[in-house]
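Remarks on the overall topology
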Amino acid sequence: GTLAPQQSKSMAATCRDLLLGVSDMDVSGIVRDLCKQLVLLSLDADRIVQKFVLETMKQINGAATDLALTLLDALHDVLVERGGEPDFTTQSMQGRATRCMAALAPMTESGCSCEIIVKLLLLCHQPYFMKEKGSSFAWPCLVRHLETSSKIGVKGLLDRLMPEIL
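Presented here is a report on the structure given in the accompanying data block. (Residues numbered from 1 in each chain as written. Predicted model: local features only at pLDDT ≥ 70, side-chain atom pairs only at ≥ 80, totals over all residues. Heavy atoms only, no water.)

**Examining the nonpolar core**
Grouped together as the largest cluster of nonpolar side chains are 53 residues, with contacts concentrated most on Leu38, Met57 and Met101. Put simply, the parts of the chain that give this core at least two residues each are helix H1 (5–21), helix H2 (29–42), helix H3 (47–63), helix H4 (65–82), helix H5 (91–104), helix H6 (114–124), helix H7 (138–148) and helix H8 (154–165). Of the residues forming this core, the biggest block, 9 residues, is contributed by H4. Setting aside its immediate chain neighbours within four residues, Met57 contacts Leu38, Val39, Ser42, Leu71, Cys100, Ala103 and Leu104. (Core = buried A, V, L, I, M, F, W, Y, C linked by side-chain atoms within 4.5 Å. Buried < 20%, exposed > 50% of the residue type's maximum accessible area, 1.4 Å probe, protein only. Helix = DSSP H or I, 4+ residues; strand = E, 2+ residues; numbered from the N terminus. Contact = heavy atoms within 4.5 Å.)

**A short note on the state of the cysteines**
This structure, assessed with the given rule, holds 0 disulfides. Free of any disulfide, Cys15 has its nearest neighbouring cysteine sulfur in Cys35, separated by 8.4 Å. The exposure class of Cys15 is buried, given its relative accessible area of 4%. With no disulfide of its own, Cys100 lies 10 Å from the sulfur of Cys35, the closest cysteine sulfur. (Disulfide = S-S within 2.5 Å.)

**Points about H8**
The terminal C-alpha atoms of H8, which comprises 12 residues, lie only 14 Å apart, well short of the 16 Å expected from a rise of 1.5 Å per residue. Contacts from the buried residues of H8 go to H6 and H7. (Expected span 1.5 Å × (residues − 1).)

**Topic: H4**
Helix length check: H4 (18 residues) gives 26 Å between terminal C-alpha atoms against 26 Å at 1.5 Å per residue, within 8%. Those residues of H4 not exposed but buried are Leu67, Ala68, Leu69, Thr70, Leu71, Leu72, Ala74, Leu75, Val78 and Leu79. On its buried side, H4 packs onto H1, H2, H3, H5 and H6.

**Examining the pattern of salt bridges**
Under the counting rule described, the total for this entry stands at 5 salt bridges. The shortest N-O distance in the salt bridge between Lys58 and Glu55 comes to 3.4 Å. Note that Lys58 and Glu55 are positioned in helix H3 at a spacing of 3 residues, about one turn of the helix. Among the residues examined, Lys58 registers a relative accessible area of 32% and is labelled partly exposed. For Glu55, a relative accessible area of 39% corresponds to the partly exposed category. The partner of Asp73 in a salt bridge is Lys119, and the shortest N-O contact between them spans 2.6 Å. Placement of Asp73 in helix H4 and of Lys119 in helix H6 is noted, with a sequence separation of 46 residues between them. Exposure remark for Asp73: the relative accessible area of 35% places this residue in the partly exposed category. (Salt bridge = Lys/Arg side-chain N within 4 Å of Asp/Glu carboxyl O.)

**Notes on the environment of Pro106**
Residue position: Pro106 is located in the loop between H5 and H6. Pro106 sits in the buried class, given a relative accessible area of 3%. Taking the C-alpha atoms as reference points, Pro106 and Asp159, 53 residues apart in sequence, are found 16 Å from one another. Residues within four places of Pro106 in sequence aside, it is in contact with Gly111, Cys112, Ile116, Ile117, Leu120, Leu146, Ser150 and Ile152.

**So, the packing of H1 against H3**
Here H1 crosses H3 at 5°, and the two axes come no closer than 9 Å. It follows from the interaxial angle that H1 and H3 lie roughly parallel. Side by side, H1 and H3 meet where Pro5, Ser8, Lys9, Ala12, Ala13, Arg16, Leu19 and Leu20 of the first sit next to Ile48, Val49, Phe52, Val53, Thr56, Gln59, Ile60 and Ala63 of the second. For the contact of H1 with H3, the class distribution of residues is 11 nonpolar, 3 polar and 2 charged. (Axes fitted to C-alpha atoms, helices over the stretch in contact; angles between N-to-C directions. Parallel < 35°, antiparallel > 145°, perpendicular 65-115°, else oblique. Nonpolar A, V, L, I, M, F, W, Y, C, P; charged D, E, K, R; others polar.)

Coordinates in, geometry out; function isn't part of it.
Below is the structure:
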């Protein structure tokens, strides 16, 4: 069954505290499991839970970029594993997954590593996010978020990182 909103929020806070409390951050099974649990909680239909978990992910992102990368990997894994399930194919769920990526996106241009931008680009262009005409709806949403919330000029950023990406 599903958790009550307060239980979900408590679980998210516990995952955050455990992840941020790990001093020697190897991406072991427990770290991946905690990240996957946070991703699943971020996709919760309850808006209060979703908002709390996304704020939790932003805190993790601000404190540990390597964890943000692991969380993006966990989102990828969840979408591959469950992307074909009826509950996961709704526009609402796709919007939640896009908001999850936005929470893990760089908050400043100096925080934009080639690795995180490539992961975001690849995630946005997974079959899960593709429209019938073959274009991603997630990438334009993420670009809007980066340009408005983080004040990052995406075109300039991609121009700067392109040699490293290629």
